[in-house]
Amino acid sequence: ELVLKHKEGRPLPVYSIHTAVCLEGREPALYRFDLDLSKQKESDAERVNLERQLAQTHKMEALGELAGGVAHDFNNLLTTILLTTEMVEAEYARDDKLCAEIAMIEKAGQNASALTRQLLLFSRQGNCEMSQLDLNLVITETQKMLTRLIPENISLDLNLDPDLNGIMADISQIGQVILNLVINARDAMRDGGDIHIVTTNEDLRSLQSAKKFGVNPGLYAVLSVSDTGCGMDSKTAERVFEPFFTTKNEGQGTGLGLSTVYGIVKRSGGYISVDSQPGKGTLFNIFFPKYENPETQQSTDNEKNQTENGTETILIVEDDPDIRVVTRAILERSGYDVLDAASGEAGLEAIQDSGKPIDLLVSDVVLPGMSGPQLAAEAIQRLSNLKVLFISGYTQDSVVDQSPWNSEVAFLQKPFNSTTLRNKVREVLENSTPIPWADIEPQQGMPVTLSNWEKQPEGV
């Protein structure tokens, strides 16, 4: 409880609540609520409401931590499943029946991998992988999932412009935007109704036309999601993107769905608006800037034919024995001379005992005892030309970007397949330059962890 100074000059007793929160696509922030204690009856009710919101914040943070940890462990398991499946498939390529059964396992593993990406996105650890997208294709691929989420008394109608402008965005996050908007529309139509998803092109290059929609002048691909539900009044519509704001009954909504949508759209350089009236439904319009780069992306299918074998020496340091064994087998089949170790300390011993130079260190980021970054820093002092590839079940955003060498480090997200592994190893060996680890010194008297490898301000 604090005493502040009112703008009229009189003392103002307040009950002040501070809490740290993380919003999608933003740095951690401090939210502060000051409740006026001079109006005791009103403030008591408001205090209960805000404390409930704070409890919800901490619950979501805890769920996010849990989801991220589960996704990390699950990614380790999926890496073993997918890599082993590919090896078996290559071994029995002539047995059509067996290959078909193996393909079913592989497909299930890939579906599980997509699930872990959703868990990481929920926990705000998902990578933001910007790429050129066909918005229509994302919608049609999401349609099957959407039909499972809406009851039979609600119809889903798509009207997609076949000449829609391309956009630049993260495909998994755009899928979540569509999913959240459709779920929001579904919940507004308890007695049934219609959901319409429409895509169009908008030429808003004139200042007058852009001002009409509240966007910057330019060419846009527009995604519209509308429903025939209960609608909202103007005061409610103004708050729909606020975190924790919800019109649903207690326990039926977190109030984070539309705020997440807002953050994803903004991260993609877009704009979102809402138009609603009580009893007349709701319309969300999202404006994505047209992607102007004419260069076409390389096809993932074509990349499968670009893998090359090698003769270099590679050291794998991975505490999961299954991943270590199968990764070594794949690289040995590609011609590499491979050593492996289960910990950072064992990795340093392997370097000392190898009797020959090691060209590449492939290391998990999180290891028992000595961490992956610490191992790399020690190893580079002994092998000045050593190149490093980190692998992890966590994402690059949540792990490697915490480090001062984030613009130079090579990283591979688990789970990965054999083609991706071989391509990445070849890329690092041929294109990357050794990282100047000697320039990075941990603070004296502190254990070397990912968090304190950051460049800390003076006095921190």
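This text gives an overview of the structure that appears in the document. Worth saying up front: this structure is predicted, and the values here are computed from it rather than measured. Each chain has its residues counted from 1, following the order in which its sequence is written. Under the rules for a predicted model, residues below a pLDDT of 70 receive no local features and side-chain atom pairs below 80 are neither given nor counted, while totals for whole chains, interfaces and linings still include all residues. Hydrogen atoms and water are omitted, and side-chain values are computed over all heavy atoms in the structure.

1. Regarding the overall build of the protein
Under the convention used in this document: Secondary structure counts use DSSP, requiring at least four H or I residues in a row for a helix and at least two E residues in a row for a strand, with both numbered from the N terminus. Only protein chains enter the area calculation, which uses a 1.4 Å probe; residues under 20% of their type maximum are buried, those over 50% are exposed, and those in between are partly exposed. Residue contacts follow a heavy-atom distance rule, with two residues in contact if any of their heavy atoms lie within 4.5 Å.
For the protein, the helix and strand inventory stands at twelve helices and 15 strands. Out of the 460 residues belonging to the protein, those deemed buried represent 44%. Looking at the protein alone, contacts between residues at least 24 apart form 68% of all its contacts between residues at least 6 apart.

2. Observations concerning the nonpolar core
Here is the rule we go by: Each nonpolar core is a collection of buried residues, namely Ala, Val, Leu, Ile, Met, Phe, Trp, Tyr and Cys, held together in the definition by side-chain atoms within 4.5 Å.
Grouped together as the largest cluster of nonpolar side chains are 36 residues, with contacts concentrated most on Ile 174, Ile 178, Ile 195, Ile 197 and Leu 223. If you list the elements that add at least two residues to this core, you get α3 (135-149), β5 (154-160), β6 (167-170), α4 (171-187), β7 (193-204), β8 (218-227), α7 (257-267) and β10 (282-289). Here this core gets seven residues from one element, more than from any other, and that element is α4. Contacts of Ile 174, omitting those with residues within four sequence positions, involve Leu 133, Leu 135, Val 138, Ala 169, Ile 264, Ser 268 and Phe 288. One finds Ile 351, Leu 367, Leu 375 and Ala 376 within the second-largest nonpolar core, a separate group that totals 21 residues.

3. Side note on the packing of helix α9 (residues 321-333) against helix α12 (residues 418-431)
Cut-off, in case you're wondering: Note on definitions: angles span 0 to 180 degrees between N-to-C directions of axes, and those axes are lines fitted to C-alpha atoms, for helices only across the stretch in contact. Helix crossings are classified by the rotation of the near helix relative to the far one: an anticlockwise turn of less than a right angle makes the crossing left-handed, while a clockwise turn makes it right-handed. We call Asp, Glu, Lys and Arg charged. Ala, Val, Leu, Ile, Met, Phe, Trp, Tyr, Cys and Pro are nonpolar, and the rest, Gly among them, are polar.
At their nearest, the axes of α9 and α12 sit 11 Å apart, and the two run at 65° to each other. Between α9 and α12 lies a crossing whose hand is right-handed. Contact residues: α9 offers Thr 327, Ile 330 and Leu 331, while α12 offers Ser 418, Leu 421, Arg 422 and Val 425. Tallied by class, the residues present in the contact of α9 with α12 amount to four nonpolar, two polar and one charged.

4. Thoughts on the environment of Lys 280
Relative to the elements of secondary structure, Lys 280 occurs in the loop between β9 (271-276) and β10. By relative accessible area, which is 64% here, Lys 280 ends up exposed. Taking the C-alpha atoms as reference points, Lys 280 and Gly 229, separated by 51 residues in sequence, lie 6.7 Å from one another. Discounting chain neighbours no more than four positions away, the residues touching Lys 280 are Asp 227, Gly 229 and Cys 230.

5. Points about the pattern of salt bridges
Note the following rule: Salt bridges, as used here, are contacts in which a Lys or Arg side-chain nitrogen is within 4 Å of a carboxyl oxygen on Asp or Glu.
Here the structure, examined in full by the defined rule, presents 13 salt bridges. With its nearest N and O atoms 2.8 Å apart, the salt bridge here joins Arg 426 to Glu 312. Of this pair, Arg 426 sits in helix α12 while Glu 312 sits in the loop between α8 (300-303) and β11 (313-317), and the two are 114 residues apart along the sequence. Taken individually, Arg 426 and Glu 312 each receive the classification buried, so the pair is uniform in this respect. For Glu 430, the salt bridge goes to Arg 426, with nearest N and O atoms at 2.9 Å. Of this pair, Glu 430 and Arg 426 both sit in helix α12, four residues apart, which is roughly one turn of that helix. Linked by salt bridges that have partners in common, Arg 324, Arg 328, Glu 332 and Asp 340 make up one network.

6. Structural notes on the pairing of strand β1 (residues 2-5)
Every regular strand shows the same layout, with side chains that alternate between the two sheet faces. Just so we agree on the cut-off: When DSSP finds at least two bridges between two strands, those strands are taken to pair.
As paired strands, β1 and strand β2 (residues 11-21) are joined by four bridges and run antiparallel to one another. Counterpart to Leu 4 in the pairing with β2 is Leu 12. Between β1 and β2, which follow one another and run antiparallel, lie five residues, and Gly 9 among them has a positive phi close to 100°.

7. Digging into the sheet that holds strand β15 (residues 410-413)
Overall, parallel pairing links the five strands, which are arranged β12-β11-β13-β14-β15 in an open sheet. Two strands lie at the open edges of the sheet, namely β12 (337-341) and β15, each paired on one side alone. Each strand axis lies, on average, 20° off the axis of its neighbour in the sheet, ignoring direction. Bridging between β11 and β12 involves five bridges; their strand directions are parallel. When the sheet's bridge partners are listed, Val 317 is paired in β12 with Ala 341. Taken strand by strand, α9 contacts β11 and β12, and its axis lies near 170° from that of β12.

8. Brief notes about a nonpolar patch on the surface
What counts here: Patches here are clusters of residues that have more than 30% relative accessible area and form no salt bridge, with a 9 Å joining cutoff for like charges and a 5 Å cutoff for nonpolar side chains (Val, Leu, Ile, Met, Phe, Trp, Tyr). Computed by Shrake-Rupley with a 1.4 Å probe, the accessible areas treat only the displayed protein chains as cover when residues are assessed.
Together, Leu 77, Ile 81 and Ile 105 give the surface a local cluster of nonpolar side chains, amounting to about 270 Å² of exposed area. Tracing the sequence through the fold places Leu 77 in helix α1 (residues 40-91).

9. Examining α9
Put simply, the test is: Multiply 1.5 Å by the residue count of a helix minus one, and that product is the helix's expected span. Whenever a nitrogen or oxygen atom comes within 3.5 Å of another N or O atom, the pair is scored as a polar contact, on the condition that within protein one atom can donate a hydrogen and the other can accept it, and that pairs from neighbouring residues in sequence are kept only if both atoms are in side chains.
For α9, with 13 residues, the first-to-last C-alpha span of 18 Å sits near the 18 Å given by 1.5 Å per residue. Turning to α9, its buried residues number three or more, namely Ile 323, Arg 324, Val 326, Thr 327, Ile 330 and Leu 331. Between the side-chain oxygen at the start of α9 and the backbone nitrogen of Asp 322 there is a gap of 3.0 Å, and the oxygen is on Asp 320. Of the residues flanking the end of α9, it is Gly 335, one or two places downstream, whose phi is positive at about 100°.

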